[in-house]
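So you can see what is in the structure, the chains are spelled out below.
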Amino acid sequence: MINQMIESILQPIFSEAMLNAGYADYIHLLHFEKPKISSHGDCATTIALSLTKSAKKPPRAIAEEIIQQLQFDTVLIASVEIAGPGFINIRFGELFYTKLLESIALAGESYGKSSVGNGKKVNVEYVSANPTGELHLGHGRNACIGDVIANLYHWSGYDVTREYYFNNAGNQMTLLGLSVHARYCQIFDTTYPFPENGYKGEYISDIAQQLSEAHGNSLVEPTDSHIAVCKYAAEKWCTDSIQKTMATLNIAHDVYFNEQTLYEDGSIDKTIQDLREKQLVYEKEGALWIALSKIQEKLTDRVIVKSTGEPTYRLPDIAYHRNKFERGYDTIVDVFGVDHIATVPDIIAATKALGYDDEKIHVLLYQFVTLMENGEQVKMSKRSGKSYTLNELLNDVGGDVVRFFFIMRSINTHLEFDLALAKEQSEKNPVLYVQYAHARICRIMETAKEREIPLTNNNNYSLLEKDEEKNLIKTLARFEEHIQRALASHEPYIITEYLRELASDFHAFYHHCPVLRTEGELRDVRIALCKFSQSALRNGLHILGVSAPNSM
RNA sequence: GCGCCCGUAGCUCAGUCGGAUAGAGCAACAGCCUUCUAAGCUGUGGGCCAGUGGUUCGAAUCCACUCGGGCGUACCA
């Protein structure tokens with residue numbers, strides 16, 4: 001909102017001045033930014049600083065020349081000053097604020113929504129855990145990042161598919177079945193051996209216990225069919241657990257894509273065949289290799305079909321991405337943990353070699369979550385079994401806190417999860433600060449309704465002249481800009497930071513500017529400002545998947 | 001060894017396409033409830049931006065090297 005205003009108001013005025021001052025060739029360098037320190041102004045440009053080299057003049061002199069040519073209406077732009085080494089600081093006039101508020105009013109309850117995506121198809125793949133255990137905290141970060149990214153696309157007018165890729169076949173599942181069977185047998189014979197590298201989590205024993213209750217000791221013979229029963233029970237248990245956790249987080253995928261489909265519909269074979277035609281595969285030591293070094297020098301060749309005849313994970317991954325392309329997505333987003341970093345360039349190179357536009361793929365690699373408890377790092381590993389699960393976390397601190405916490409940081413920094421803090425001081429969590437601002441507004445709106453104060457669209461916005469009001473308006477006007485920035489950089493934390501700032505500006509306004517304790521036009525226009533803030537807070541929280549309570 | 005990410009206040013983190021006095025939250029300290037919710041507001045203290053050198057009017061930001069932490073470097077996913 002504010003950007004459009006700056007573009008449509010400031011840009012022409014300054015371009016004109018630059019033209020008249022003899023800097024016509026450099027108009028494309030002109031841009032405006034928000035000064036770090038608010039007392040410097042509402043808006044600033046560094047154009048004079050960036051012209052020093054080409055103009056061979058001191059920056060302040062250039063700024064002077066440009067300012068002398070400026071022609072503007074003081075209702076729109078209150079002041080323009082040179083500061084520091086040559087910054088040009090601009091202060092908005094009352095009409096500028098009025099125009100901002102009018103456009104926010106026009107957007108109404110859907111403030112923040114845009115159609116920049118123009119209905120383009122986007123596929124966001126996230127979570128994608130195989131049913132071999134419960135979701136842990138790493139999956140939690142994945143789930144929350146992915147869901148917010150999908151929401152950001154949705155709010156920007158894209159047609160979004162939320163997808164979950166999983167595999168319930170293969171080595172890991174076999175091992176899962178064997179692990180359950182071993183625990184089952186140990187119920188009857190404590191000396192029964194447990195498979196090396198087997199899944200050691202407590203849930204394995206729970207599943208085994210359930211099996212013993214249903215089947216007695218009839219499954220102790222380690223036959224294929226008995227192990228299959230164990231495997232099936234384990235898969236069912238894990239799938240249910242994952243679904244339950246996702247439901248608690250309020251995440252619903254549109255598509256569950258099973259890796260098996262790629263084998264069944266011939267995609268795997270076709271991928272090998274097509275790579276072969278392009279002479280990108282060769283046999284060596286009984287295995288089938290993909291010649292990645294031929295596609296890109298930096299890459300090293302990898303095995304895609306083992307000498308045992310089984311494919312490695314790379315092959316279905318390539319076929320899967322191909323499948324997404326074939327489904328016609330304009331943008332493909334994958335949310336992976338950093339441990340996948342080695343495979344990403346391989347898959348991108350392979351899909352490119354197969355003739356797809358690799359620019360459409362965006363792989364979001366998030367850094368690991370480290371869980372801290374009493375100042376010590378708790379190691380999380382599914383197979384060792386010592387893990388604090390996402391479900392336990394949800395029970396302990398609730399969905400809103402979990403969602404906010406997992407996206408509070410840039411995806412490429414480690415997320416330190418202080419369990420003690422999350423459990424004991426969840427009231428101090430920033431999510432409550434933001435929610436509280438929303439709840440406060442709701443109370444004002446309710447009271448206004450009870451007192452039968454009519455909401456008008458004809459507000460005299462020029463009455464909003466206190467600093468707290470102006471700050472709130474400026475922050476409010478940057479909502480859309482932050483959504484776009486979060487989307488373009490695929491960084492959900494930008495929204496959490498923005499909402500904190502917005503809530504902070506609202507709390508300050510609330511404290512310094514009485515709303516219902518004022519009379520007449522000023523009261524009405526402040527109610528309007530509350531309403532706009534309510535929409536932005538509610539919509540922002542909605543994008544984060546966090547609830548916006550009416551009272552707290 | 002090589003590749004990627006990170007190192008900023010006591011703690012957790014922003015800022016990294018070079019720009020003004022390096023910011024926020026938490027923690028600490030001092031104030032503010034006869035008022036639309038004090039889950040709030042206002043103020044104070046706190047920094048050799050890991051280190052060294054370079055590039056220039058100007059570097060937390062760019063380049064080189066060094067030191068610390070994480071991840072990867074599979075015929076595991």
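Scroll up a little and you will see the structure.
The model shown is predicted, which means the values in this text are computed figures rather than measured ones. (Residues numbered from 1 in each chain as written. Chains lettered and ligands numbered in written order. Predicted model: local features only at pLDDT ≥ 70, side-chain atom pairs only at ≥ 80, totals over all residues. Heavy atoms only, no water.)

## Brief notes about the layout of surface pockets
Link 1 in the chain: Of the pockets and cavities examined, the second largest pocket occupies roughly 270 Å³.
Link 2 in the chain: In this structure, the second largest pocket is lined by 17 residues; those nearest its centre are A105, T456, N457, K531 and F532.
Link 3 in the chain: Among the elements of the structure, helix 5 (94-107) and helix 22 (520-544) are those that each provide at least two residues to the lining of the second largest pocket.
Link 4 in the chain: When residues in the lining of the second largest pocket are grouped by element, the largest group, 6 residues, is from helix 22.
Link 5 in the chain: Of the residues contributing to the lining of the second largest pocket, the split by class is 8 nonpolar, 5 polar and 4 charged. (1 Å grid on protein atoms, 1.4 Å probe; cavity = no way out; pocket = protein on both sides within 12 Å on 5 of 7 lines; lining within 4 Å. Points joined across faces, edges and corners; volume = space filled by probe spheres on them. Helix = DSSP H or I, 4+ residues; strand = E, 2+ residues; numbered from the N terminus. Nonpolar A, V, L, I, M, F, W, Y, C, P; charged D, E, K, R; others polar.)

## Considering the pairing of strand 15 (residues 415-418)
Link 1 in the chain: Of the two faces of strand 15, the one lined by L415 and F417 is fully buried and the one lined by E416 and D418 carries no buried residue.
Link 2 in the chain: As paired strands, strand 13 (residues 369-373) and strand 15 are joined by 4 bridges and run parallel to one another. Each bridged residue has a counterpart across the sheet, and for V369 the counterpart in strand 15 is L415. (Buried < 20%, exposed > 50% of the residue type's maximum accessible area, 1.4 Å probe, protein only. Pairing = 2+ DSSP bridges.)

## A short note on the protein's contact with RNA strand B
Link 1 in the chain: Neighbouring RNA strand B are 52 residues, the closest being F87, K306, Y436, R443 and Y510.
Link 2 in the chain: Backbone atoms, meaning sugar and phosphate, form 69% of the atoms of RNA strand B found within 4 Å of the protein.
Link 3 in the chain: Separating a phosphate oxygen of RNA strand B from a side-chain N or O atom of R440 is a distance of 2.6 Å.
Link 4 in the chain: In this structure, a phosphate oxygen belonging to RNA strand B sits 2.5 Å away from a side-chain N or O atom of R443.
Link 5 in the chain: When residues of the surface near RNA strand B are traced back to their parent elements, those giving at least two are strand 4 (87-92), strand 10 (302-305), helix 18 (430-450) and helix 21 (493-512).
Link 6 in the chain: Taken together, the residues of the surface near RNA strand B sort by class into 25 nonpolar, 15 polar and 12 charged. (Near = heavy atom within 4 Å. Polar contact = N/O pair within 3.5 Å; in protein donor to acceptor, adjacent residues only side chain to side chain.)

## Things to note about the pairing of strand 6 (residues 159-166)
Link 1 in the chain: The buried fraction of strand 6 amounts to 7 of the 8 residues, a majority that puts the element mostly inside the structure.
Link 2 in the chain: Where strand 5 (residues 121-125) and strand 6 come together, 5 bridges link them in parallel fashion. Note that in strand 6 the partner of E125 across the bridge is E163.
Link 3 in the chain: In the classification by handedness, the crossover that spans strand 5, the intervening helix 6 (residues 137-155) and the parallel strand 6 is right-handed.
Link 4 in the chain: Pairing geometry for strand 6 and strand 7 (residues 255-258), over 4 bridges, is parallel. (Right-handed = clockwise from strand over helix to strand, strands pointing away.)

## Considering the environment of E102
Link 1 in the chain: Mapping E102 onto the fold places it in helix 5.
Link 2 in the chain: The class of E102 is partly exposed, set by a relative accessible area of 45%.
Link 3 in the chain: Residues E102 and T190 lie 88 residues apart in sequence; the distance between their C-alpha atoms is 75 Å.

## Here we look at the sheet that holds strand 12 (residues 361-366)
Adjacent strands of a sheet form backbone hydrogen bonds with each other and so pair up, either parallel or antiparallel.
Link 1 in the chain: Ordered in space as 7-6-5-11-12, the 5 strands form an open sheet in which the pairing is parallel. Taken across any chain shown, the strands that pair with only one partner, and hence form the sheet edges, are strand 7 and strand 12. Direction aside, the axes of adjacent strands within the sheet are offset by 25 degrees on average.
Link 2 in the chain: In this fold helix 13 (residues 314-326) packs onto strand 5, strand 6, strand 7, strand 11 (331-337) and strand 12, with an angle of close to 150 degrees to the strand it touches most, strand 11. (Axes fitted to C-alpha atoms, helices over the stretch in contact; angles between N-to-C directions. Contact = heavy atoms within 4.5 Å.)

## Quick notes on the state of the cysteines
Here a disulfide denotes one covalent bond, and it connects the sulfur atoms of two cysteines.
Link 1 in the chain: Counted by the stated rule, this structure contains 0 disulfides.
Link 2 in the chain: There is no disulfide at C530, and the cysteine sulfur nearest it, in C513, is 9.6 Å away.
Link 3 in the chain: C530 sits in the buried class, given a relative accessible area of 0%. (Disulfide = S-S within 2.5 Å.)

## Some points on the packing of helix 9 (residues 224-248) against helix 15 (residues 390-397)
Helix-helix packing: each pair is described by the crossing angle between the helix axes and the interaxial distance.
Link 1 in the chain: Where helix 9 meets helix 15, the closest approach of the two axes is 10 Å, and the angle between their N-to-C directions is 35 degrees. For helix 9 against helix 15, the interelement crossing comes out left-handed. Along its contact with helix 9, which presents S241, K244, T245 and T248, the element helix 15 presents L390, N391 and L394.
Link 2 in the chain: Split by residue class, the contact of helix 9 with helix 15 holds 2 nonpolar, 4 polar and 1 charged. (Left-handed = near helix turned anticlockwise from the far one by under 90°.)

## Side note on empty space enclosed by the protein
Link 1 in the chain: Applying the stated criterion to the full structure yields 1 cavity of 30 Å³ or more.
Link 2 in the chain: Approximately 30 Å³ is the volume found for the largest cavity.
Link 3 in the chain: Those elements giving two or more residues to the lining of the largest cavity turn out to be strand 11 and helix 14 (344-353).
Link 4 in the chain: Its residues assigned to classes, the lining of the largest cavity comprises 5 nonpolar, 2 polar and 1 charged.

## Let's talk about the sheet that holds strand 4
Link 1 in the chain: Ordered by their spatial adjacency, 4 strands build an open sheet running 1-2-4-3, and the pairing between neighbours is antiparallel. Single-partner strands in this sheet number two, and they are strand 1 (32-33) and strand 3 (77-83).
Link 2 in the chain: Bridge count for strand 3 against strand 4 is 6 bridges, and the pairing is antiparallel. Note on strand 4: the bridge partner recorded for A83 is F87.
Link 3 in the chain: Relative to strand 4, helix 1 (residues 2-21) is tilted by about 120 degrees, and along the sheet it contacts strand 1, strand 2 (43-45), strand 3 and strand 4.

## Regarding unusual backbone geometry
Link 1 in the chain: The phi dihedral of V127 is positive, around 70 degrees, even though this residue is not glycine.
Link 2 in the chain: Its place among the elements puts V127 in the loop between strand 5 and helix 6.
Link 3 in the chain: A positive phi is found at N250, a non-glycine position, where the angle reads about 65 degrees.
Link 4 in the chain: When you line up the elements, N250 lands in the loop between helix 9 and strand 7.
Link 5 in the chain: On the basis of relative accessible area, N250 is assigned to the exposed category, the value being 62%.

## Focus: the packing of helix 16 (residues 399-406) against helix 18
Link 1 in the chain: At a minimum axis separation of 9 Å, helix 16 and helix 18 run at an interaxial angle of 115 degrees. In terms of axis orientation, helix 16 runs roughly perpendicular to helix 18. Considering only the axes of helix 16 and helix 18, their crossing is right-handed. Residue-level inspection shows D400, V401 and F404 of helix 16 in contact with helix 18, the latter providing P430, V431, V434 and Q435.
Link 2 in the chain: Its residues assigned to classes, the contact of helix 16 with helix 18 comprises 5 nonpolar, 1 polar and 1 charged. (Parallel < 35°, antiparallel > 145°, perpendicular 65-115°, else oblique.)

It is worth stressing that arrangement in space is one thing and function is another; only the former is reported here.
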